[in-house]
Amino acid sequence: MFELAPLILLFPLIGLLINLIFGDRLNERFIGLFAILASTLSFVIAILQWRGLEGNHHQAMTVKIADWITSGSLYIPWEMRIDTLSVTMMLLVGGVGTLIHIYASSYMHGDPRYKRFFIYLNLFILSMFTLVTANNYLMLFVGWEGVGVCSYLLIGFWYDKGGDDGVGNARAGRKAFVVNRIGDFGFLIAMFLLWWATGSLRFDEVLHWFANHGTNDVLAIGGASLTVGGLATAVGLLMLVGVAGKSAQIPLFVWLPDAMAGPTPVSALIHAATMVTAGTYLVSRSAPVLVEHGPMALQTIAIVGALTAFMAGTVAVAQNDMKKILAYSTVSQLGFMVAAVGLGGFLAAYFHLLTHAFFKALLFLGAGSVIHAMEHGHHHVHDHHDDHGHDDGHHDDMAEGVNHDDFDPQDMRTMGGLRKRMPITFWTYMIGALALAGVFPLSGFWSKDEILLDAWTIANEGNTYAWVVYILLTLAAIFTAFYMTRQVFLVFFGEARSEAAEHAPENPPAMTGPLIALAVLSAAGGLLNFPFGHGFFSHRLEHWLHYTHAYFHAEKFSFTVALVSTACALGAIAVGWMLYGRKTVTDPHAKDVLEKPLGPLWNFLQGKWFWDELYDATIVRLFEWEAKFLAFTIDWDFWHDWLHDSFIGGIWKTLSNVLANEVDRGIVDNTFMGWGYSMRGIANGFLNRMQTGFVRNYALSLAVGVLAILAYALIAFAG
Amino acid sequence: MFLQVLTATLTAVTFFPLLGVLVLLFVPNEREDTIRWIAIGTALITFVISLVMLGQYNAADPNMQLEVLLPWMNFGGGSTIGFHLGIDGISILLVLLTTFLIPLAMFGSWTGITERVKEYYIFFLLLEVGMIGVFLALDLFLFYVFWEFTLVPMYFLVGIWGGKQRMYAAIKFFLYTMAGSILMLLAIMWLGIHQGTFDVVELIAKGGIDPSTQRWLFLAFAAAFAIKVPMFPLHSWLPDAHVQAPTAGSVILAGVMLKLGTYGFVRFNLSMFPEASLHFAPLMATLAVIGIIYGAIVSYPQQDVKKLVAYSSVSHLGFVMLGLFALNEQGIQGAILQMVNHGISTGALFLLVGMVYERRHTRDMNEYGGLWTVMPVYGTLMLIVSLSSMGLPGLNGFVGEFTILLGAFGSEALGSNIYAIFAAAGVILAAIYMLTMFQKMFLGPVTNEKNKNLEDLNWRELVVIIPLLVLIFWIGLYPAPFFNLMGASVDQLTASLDAVTAVALR
């Protein structure tokens, strides 16, 4: 069973190679089919690994593929680790990945880069599986950066579209990659520390080393000495830098909202369900190290996560772009997960990671369905012909800013009333939205509750920071329920506020099918770790993940916490309904009801707290200025032109002219005349003059050099 | 005896290109395709000979192998100069890199060079002799002869077939490198006279130069090598030479000639002057780290794509220097691997830039934009090579960079991990300038009319790039064979360096 594990990497590789090599000769149907097949087969392998573990007393297995880096005592193989944690991720990536492949095969229909899209998607699946199956930090890092590249490529998939004269999407891709690299810098340094301390980057060996050392033991790395506790804290904080990049936390989250420039299935798969959760995975892998030796790092992680959850939640309240709300919502929910791992609530984090993957993928795909339909409606009205396929131009409108006719299919102000026209999308979206809002008994209720419960429990043990976390997360949960209510009312209820919305059709089964599947998962996902009783579902996830390490642990269900969060969610929904549901707005240009009462606060939220503006005005601007100053003023004008050419060159010229004209004309010249004449044949006048001049100088310098050496030798021998 | 020397593998691999030169002399100038095939054929046979050499090489043996030794001349005072060639784990990869890149660069010049074809290929083959000679020479005098000899063909390659300011660039290149070499020559003379031999192996075995003298000798050798690398702040010749050189010239300049400098540091400075190396390690590492960051920042705002790649070399070679002066296994092994990686990735970058230059005759990135739409295959290859150059895991550059940084982070000789931390920041900067380059040239809409009908790569261009691409993936995914080749020799070197470090730290 376990020897089949490498196939999970091989299938997507084969899939992408087939499409890469033969894709030009295949039609869409086969391209999509091969890609879906590759993803499905990997999913099957993931299921087999799961069954394998069940039949193996959940004993972790390692499967070595090949040697990789072997330099002296540094030994890092390509090796997979099959344990309950990695299999959980495999099932998630394989399952959700396959659903989204199916959806995309219809969504991307008619795009001229259809083949390229599915090559990227399979490459992503490959990288993501590399990330979650790795048995050491460095192989995990390969997947970590690999998914980053896929993200870069897919955000910039329509690289000739977007704002800024058509480079907006490309810029968004670059931004994502560069910001993630800042995070990777932290990850890299963390690995250096771990290797020099423990002599290994294998998960089990690193954990074993830490288990055998006391927090106050002292060790030396490269001349500096530090304690094991200091080491673990440093590693934890450096990992946090990596997590802030990949899982979009303050202060590096700014790439994720821009990443929505990519096609919607990408947003669902990469930027909601799988890649962005890698940070949670990384910290969970290292849990014992941090819990035992670096609690300070964990507390920092918790605070960062909670602040992110709160900040992004407030931003989502004031956006009009359907996908942007989901993007900020994702940042916020990732904040929940990161806060949870920071609190030591690894199980709660994982539970939420899974349910969030279901309902956020569902919401994104639902949003994609709406956007797709809006575009069709728009074309139906404006082109006066019924196009069943997309025409190539439709994606122009996907990115903000470039709209040939000022039509933005993602702008909720032009939607409304879609509930009747798109029933499947509507009902599934409702389930996703309620799950996200944390309404009983949908999945989000259970998982979010478990995070709040952890915060609550630790806070009641007398930890102030946990109170801060609990309050911030509760506020974030209130905002979550509110902005989802606002979105659902603006999109699906009321009357259509544009002709496009009036003519928006429901989408084909390849798109609605995955919606239904994800809706079922979003509704029932809470059963994964049902907190009561002793049945099949009771504490299922906890027992399962417990086999990987003992820190996957849940607190006992608390009705207080559940009631408080339910009251908050229902209250926020009620307010949302009062503001957006009671009165039907028909004018797409009407101001938001909150715009007036909130005033500048609204602008602040709509401006996304002006993070981008802040970075542009400081770091980006400073870098641009500094780079230009170094490159043009210092390196070129001063160092290259002045010092070398004018100053040193001038001295050389003067000196050599004096020597050449006064000293050696007639002596050395004659010797090299032959050279000079032969060169004349192949060179033009200018070249000729320069070369003979040069050769003269060269000869002269050689002569001087030889003389100097001879003189030195004489002195040396004499002395 | 003489015949044995003549037929020895290392003699053959060094001087076989001369045979091609000899044949070319008798081919009429007009028969350009014949000339090209003879030259490329010669280079390919040289590559095959180098593979034979690889077959004869025993990776487990840390010492010099396949040695060729012929007494050459007597210098006054009993010092002998020998014709001494040999190969070990430090040089073998670089020889293979040279013999591998030369035929590709020649093949890549097929359509780019249409004037004075014969002279061009003759100079190219002569250059190959010089470069292989540098890597194989084990006698300081012989080494110096090869070292200086490489300048001449490169000078003409830049000066005759280069861009608008070719003469300026060629002269600058020549003078700049000469200036450093003179100091090295003095040090070589001193060693020959005082140690009684020019033989590198003997000199290393003998040791015993007192530390303060070592420092002077170290600096004299370093002057020559640091200019060649080039280390910050001695890089001023590089952008001129790279920008003005013809494509294949840039490929070889970046791919191999810069490594003559880094190789010199390992072979001579680290091996012959270990105490001085330890003494200067923090200084060298500081300059290396400044080079990494400075080179990367300065690359970013360049308009000229060749200049961007040239400055990026300053950054990449900074990694190599940092690894070398970490003076431990990981640092040095990573550095040697990174020399190869840089040769492959930057070589490929220059080749790719040359391909679009042949179509559009401009290196100004603002003239491009949206090329990926027009030339999809070209764009994809450029993307992969760019990712390799910026150290994406799974591709070659990462393996070298990671190993170097890891080594530097815990280096006892450096005594601080601050070098590695700053150097790792260079990884962020690399992403910025490479992706900006890619964006400017390949992404966005096609705005310039002149770019709308460019042809994608033809088979000849693909033949040149694909071998490089194979290596990019090979080294990235399975570098074990490469590490194995150098392992034993580097272990031996680090063992002696460790002994010195242990004494110094006591």
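What comes next is a walk through the structure. Residue numbers here run from 1 along each chain, matching the order of that chain's written sequence. Chains carry letters and ligands carry numbers; both start at the beginning, A for chains and 1 for ligands, and go up in the order they are written. With pLDDT at 70 or above as the cut-off, local features in this predicted model cover only qualifying residues; side-chain atom pairs require 80 or more to be listed or tallied, and sums for whole chains, interfaces and linings still use all residues. Remark: hydrogens and water are excluded; side-chain values derive from all non-hydrogen atoms of the structure.

## Details of the overall build of chain B
Reasoning step 1: Here a strand is any run of E in DSSP of at least two residues, a helix any run of H or I of at least four, and the numbering for each starts at the N terminus. Helix and strand counts for chain B stand at 20 helices and two strands.
Reasoning step 2: Taking 2.2 N^0.38 as the reference for a compact globule, 506 residues should give roughly 23 Å; the C-alpha atoms of chain B span a radius of gyration of 22 Å, in line with that estimate.
Reasoning step 3: Residue exposure (1.4 Å probe, protein chains only): buried if accessible area is under 20% of the type maximum, exposed if over 50%, otherwise partly exposed. Evaluated residue by residue, chain B yields a buried proportion of 70% over its 506 residues.
Reasoning step 4: Relative to all contacts within chain B whose residues are 6 or more apart in sequence, the contacts with residues 24 or more apart total 81%.
Reasoning step 5: The protein chains shown are the only cover counted for residues, whose accessible areas, like all others here, come from Shrake-Rupley with a 1.4 Å probe. In the structure as shown, chain B presents an accessible area of about 14900 Å², 66% of it carried by carbon and sulfur atoms.
Reasoning step 6: Two residue types count as positive, namely Lys and Arg, and two as negative, namely Asp and Glu; His and chain ends fall outside the count. One atom stands in for each charge, and that atom is NZ of Lys, CZ of Arg, CG of Asp or CD of Glu. Once the 22 positive and 29 negative side-chain charges of chain B are each reduced to a mean point, those two points are 10 Å apart. We compute the radius of gyration from the C-alpha atoms alone; for a globule the expected value is 2.2 Å times N to the 0.38, where N is the number of residues. Residues are treated as being in contact if the distance between any of their heavy atoms lies within 4.5 Å.

## Let's talk about the interface of chain B and chain A
The accessible area lost on association of the parts is a frequent measure of interface size.
Reasoning step 1: Taken together, the contact between chain B and chain A spans 85 residues of the former and 77 residues of the latter.
Reasoning step 2: Where chain B abuts chain A, roughly 7000 Å² becomes buried across the two surfaces, and 72% of that area is made up of carbon and sulfur atoms.
Reasoning step 3: On the chain B side of the contact with chain A, F402, F409 and Q439 of chain B bury the most area, a combined 9% of that side's loss.
Reasoning step 4: Salt bridge criterion: a side-chain nitrogen from Lys or Arg within 4 Å of a carboxyl oxygen from Asp or Glu. At the surface where chain B touches chain A, the tally comes to one salt bridge.
Reasoning step 5: The shortest N-O distance in the salt bridge between D645 of chain A and K172 of chain B comes to 3.4 Å.
Reasoning step 6: For this analysis, a polar contact is any N or O atom pair within 3.5 Å, provided that within protein one partner can donate a hydrogen and the other can accept it, and provided that sequence-adjacent residues contribute only side-chain to side-chain pairs. At the junction of chain B and chain A, the tally comes to 25 residue pairs in polar contact (both at pLDDT 80 or more).
Reasoning step 7: Here the element with the most residues in the side of chain B that touches chain A is helix 7 (residues 166–195) of chain B; it accounts for 14 residues.
Reasoning step 8: Gly falls in the polar group here, along with every residue not listed as nonpolar (Ala, Val, Leu, Ile, Met, Phe, Trp, Tyr, Cys, Pro) or charged (Asp, Glu, Lys, Arg). Of the residues that constitute the side of chain B that touches chain A, the class distribution is 54 nonpolar, 24 polar and seven charged. Buried area: the sum, over both parts, of the accessible surface (1.4 Å probe) that disappears when the two are put together.

## Considerations on the packing of helix 2 (residues 9–25) of chain B against helix 3 (residues 32–56) of chain B
Residues and elements named next belong to chain B.
Reasoning step 1: Interaxial distance between helix 2 and helix 3 falls to 9 Å at its minimum, and their mutual angle equals 170°. Between helix 2 and helix 3, the crossing angle belongs to the class labelled roughly antiparallel. Here helix 2 contributes T9, L10, A12, V13, F16, P17, G20, V23 and L24 to the contact with helix 3, which in turn contributes I35, I38, A39, T42, I45, T46, I49, S50, V52, M53 and Q56.
Reasoning step 2: Residues belonging to the contact of helix 2 with helix 3 are distributed by class as follows: 14 nonpolar, six polar and no charged. In this analysis an axis means a line fitted to C-alpha atoms, helices contributing only their contacting stretch, and an angle means the value between N-to-C directions, from 0 to 180 degrees. Throughout this description, any angle smaller than 35 degrees is read as roughly parallel, any larger than 145 degrees as roughly antiparallel, any in the 65 to 115 degree range as roughly perpendicular, and the remainder as oblique.

## Comments concerning the environment of A312 of chain A
Reasoning step 1: Tracing the backbone shows A312 of chain A in helix 14 (residues 295–317).
Reasoning step 2: What A312 of chain A contacts, discounting residues up to four positions off in sequence, is Y328, V331 and S332 of chain A.

## Details of the environment of N63 of chain B
All names here are of chain B.
Reasoning step 1: Here N63 shows up in the loop between helix 3 and strand 1 (65–74).
Reasoning step 2: A relative accessible area of 41% places N63 in the partly exposed class.
Reasoning step 3: The spacing of N63 and G370 is 307 residues in sequence and 52 Å in space, taken between C-alpha atoms.
Reasoning step 4: The residues touching N63, leaving out its near neighbours within four places in the chain, are I87, D88 and Q492.
Reasoning step 5: A polar atom in the side chain of N63 sits 3.3 Å from the side chain of Q492.

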